[in-house]
Amino acid sequence: MSERKPWVDNYLRSKVRSGEKLHLTLLDPDKVNDLGLVDKTVEVMVSEGTDAFLVGGSIGVSETDIDALTTTLKKWGLPVILFPGNVSGISRHADAILFMSLMNSDDPYFIVGAQVLGAPLVAKYGIEALPTGYVIVGYGGAAGYVGRARPIPYDRPELGAAYVLASKFLGKRYVYLEAGSGAPEPIPPKFIKAASRVKGDLILIVGGGIRSYEQAREVVSSGADVIVTGTVVEESPERAREVVRAVKKG
Ligand code: 1GP
């Protein structure tokens, strides 16, 4: 087993404690064809103050691609955090992993099965595990389809809050409300507020469908601690820049 010192939880948590809102830049190895282009996009994100990278996707993620992307991102000095859709989403070069249980899946494989298969690798590589309740809401996208989730409707915030509470009582440190990559609309304020009211010490991550300055402002002002953007980063680094600005406005 590798002896790397864990630091990512502390890095994220101390920022949240100091009142900062965090932005994570999501890159999907399946959608990255040119690592040179990644560097250009990432330069924009880093200059605006993105806090860490998430690396992962729901389909088509190979270990070779994830290793290459992780290695490329490491040089920016920010944490590289795995966001796995399955056991193949683990790279030995990453700093940490969202060690997720898909809380509202109907399939035990996505609640605990893949985690059991992946845990020995995470330990062997010395990757810091960030215990995360992953909850799919609304549109759900590929993550919802592949993960056999029953997405929570946007107009049932009390169900979302119950999943957040359950995540907390099960000992998770993070809860990720996921609308699905490319969702037509982000998770609405009422839903995020209900989650935020009960989250306690959990770090509340919200992602899916956040594409504009206004949407990002609405999500953070509703109580998200961390927002994740992927699609807008792929489509337009300039719009992604606006999103990071919205998060960092304070
Ligand atoms: C998907 O929450 C993330 O897992 C980000 O979604 O691609 O819509 O930004 P977008």
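Undergrad: Sorry if this is basic, but what is going on with the overall build of the protein chain here?
TA: A count of helices and strands for the protein chain gives ten helices and eight strands. Taken over the C-alpha trace, the protein chain has a radius of gyration of 16 Å; the compact-globule value for 250 residues is 18 Å, and the two agree within 12%. Along the first, second and third principal axes, the C-alpha atoms of the protein chain reach 40 × 40 × 35 Å. When contacts within the protein chain are restricted to residue pairs at least 6 apart in sequence, long-range pairs at least 24 apart make up 74% of them. Accessible surface, the protein chain: about 10900 Å² in total, of which carbon and sulfur atoms supply 55%. Within the protein chain, the 29 negative side-chain charges are centred at a point lying 6 Å from the centre of the 29 positive side-chain charges.

Undergrad: Would you mind going over the site of the ligand with me for this structure?
TA: Glu 178, Ser 181, Gly 182, Gly 209 and Thr 231 are the nearest of the 13 residues found near the ligand. The separation between an oxygen atom of the ligand and a polar side-chain atom of Glu 178 is 2.5 Å. In the model, an oxygen atom of the ligand is placed 2.8 Å from a nitrogen or oxygen of the Gly 209 main chain. Relative to its unbound accessible surface of 310 Å², the ligand loses 96% to contact with the protein.

Undergrad: Any chance you could explain unusual backbone geometry here in plain terms?
TA: Glycine aside, residues mostly have negative phi angles, and peptide bonds mostly take the trans form. A positive phi angle, close to 50°, is found at Arg 148, a residue other than glycine. Tracing the backbone through its elements, the reader meets Arg 148 in the loop between helix 5 (141-146) and helix 6 (157-169). Classification of Arg 148 as exposed rests on a relative accessible area of 54%.

Undergrad: Looking at this model, I keep getting lost on the nonpolar core. Mind explaining?
TA: Proteins that are soluble and globular tend to have nonpolar side chains buried together. Counting 75 residues, the largest nonpolar core has Leu 54, Leu 73, Ile 81, Leu 98, Leu 177 and Ile 227 as its most contacted members. The residues touching Leu 98, leaving out its near neighbours within four places in the chain, are Leu 54, Ile 81, Leu 82, Phe 83, Pro 84, Leu 130, Thr 132, Tyr 176 and Ile 205.

Undergrad: Teacher, can you tell me more about helix 8 (residues 213-221) here?
TA: Since the α-helix turns once every 3.6 residues, residues separated by three or four places project in the same direction. Turning to helix 8, its buried residues number three or more, namely Gln 215, Ala 216, Arg 217, Val 219 and Val 220. Considering only its buried residues, helix 8 is in contact with helix 7 (189-198), strand 7 (203-207), strand 8 (226-229) and helix 10 (237-248). Positive backbone phi, approximately 125°, marks Gly 223, located one or two places after helix 8.

Undergrad: What exactly am I supposed to notice about the pairing of strand 4 (residues 96-102) here?
TA: Put simply, side chains in a regular strand alternate between the two faces of the sheet. Among the seven residues in strand 4, six count as buried, and that is most of the element. As judged from the seven bridges shared by strand 4 and strand 5 (residues 128-136), these two strands associate in the parallel manner. If you follow Met 100 over to strand 5, its bridge partner there is Thr 132. The parallel pair strand 4 and strand 5 is bridged by helix 4 (residues 108-125), and the resulting crossover is right-handed.

Undergrad: I would appreciate a short explanation of helix 3 (residues 63-74) in the present structure.
TA: Its twelve residues give helix 3 an end-to-end C-alpha distance of 16 Å, which sits within 8% of 16 Å, the value for a rise of 1.5 Å per residue. Taken together, the buried positions of helix 3 are occupied by Ile 66, Leu 69, Thr 70, Thr 72 and Leu 73. Seen along its axis, helix 3 keeps its buried residues to an arc of 160°; they face one direction.

Undergrad: Teacher, can you tell me more about the packing of helix 8 against helix 10 here?
TA: When two helices pack together, their arrangement is given by the angle between the helix axes and by the axis-to-axis distance. One way to put it is that helix 8 packs onto helix 10 with a least axis distance of 8 Å and a crossing angle of 30°. In terms of their interaxial angle, helix 8 and helix 10 are classed as roughly parallel. In the packing of helix 8 onto helix 10, the handedness of the crossing is right-handed. Residues Tyr 213, Ala 216, Arg 217 and Val 220 of helix 8 touch helix 10, and the partners they reach there are Glu 242, Val 243, Arg 245, Ala 246 and Val 247. Within the contact of helix 8 with helix 10, the residues separate by chemical class into six nonpolar, no polar and three charged.

Undergrad: Sorry if this is basic, but what is going on with the environment of Gly 147 here?
TA: Within the secondary structure layout, Gly 147 lies in the loop between helix 5 and helix 6. Of the residues examined, Gly 147 reaches a relative accessible area of 2% and is grouped as buried. With 53 residues separating them along the chain, Gly 147 and Gly 200 place their C-alpha atoms 27 Å apart.

Each value, and the rule that gives it
Residues numbered from 1 in each chain as written. Predicted model: local features only at pLDDT ≥ 70, side-chain atom pairs only at ≥ 80, totals over all residues. Heavy atoms only, no water. Helix = DSSP H or I, 4+ residues; strand = E, 2+ residues; numbered from the N terminus. Rg over C-alpha atoms; globule rule 2.2 N^0.38 Å. Contact = heavy atoms within 4.5 Å. Areas by Shrake-Rupley, 256 points an atom, 1.4 Å probe, with all protein chains shown as cover. Lys, Arg positive; Asp, Glu negative; His and termini not counted. Charge placed at Lys NZ, Arg CZ, Asp CG, Glu CD. Near = heavy atom within 4 Å. Polar contact = N/O pair within 3.5 Å; in protein donor to acceptor, adjacent residues only side chain to side chain. Buried < 20%, exposed > 50% of the residue type's maximum accessible area, 1.4 Å probe, protein only. Core = buried A, V, L, I, M, F, W, Y, C linked by side-chain atoms within 4.5 Å. Pairing = 2+ DSSP bridges. Right-handed = clockwise from strand over helix to strand, strands pointing away. Expected span 1.5 Å × (residues − 1). Arc of directions from axis to C-beta. Axes fitted to C-alpha atoms, helices over the stretch in contact; angles between N-to-C directions. Parallel < 35°, antiparallel > 145°, perpendicular 65-115°, else oblique. Left-handed = near helix turned anticlockwise from the far one by under 90°. Nonpolar A, V, L, I, M, F, W, Y, C, P; charged D, E, K, R; others polar.

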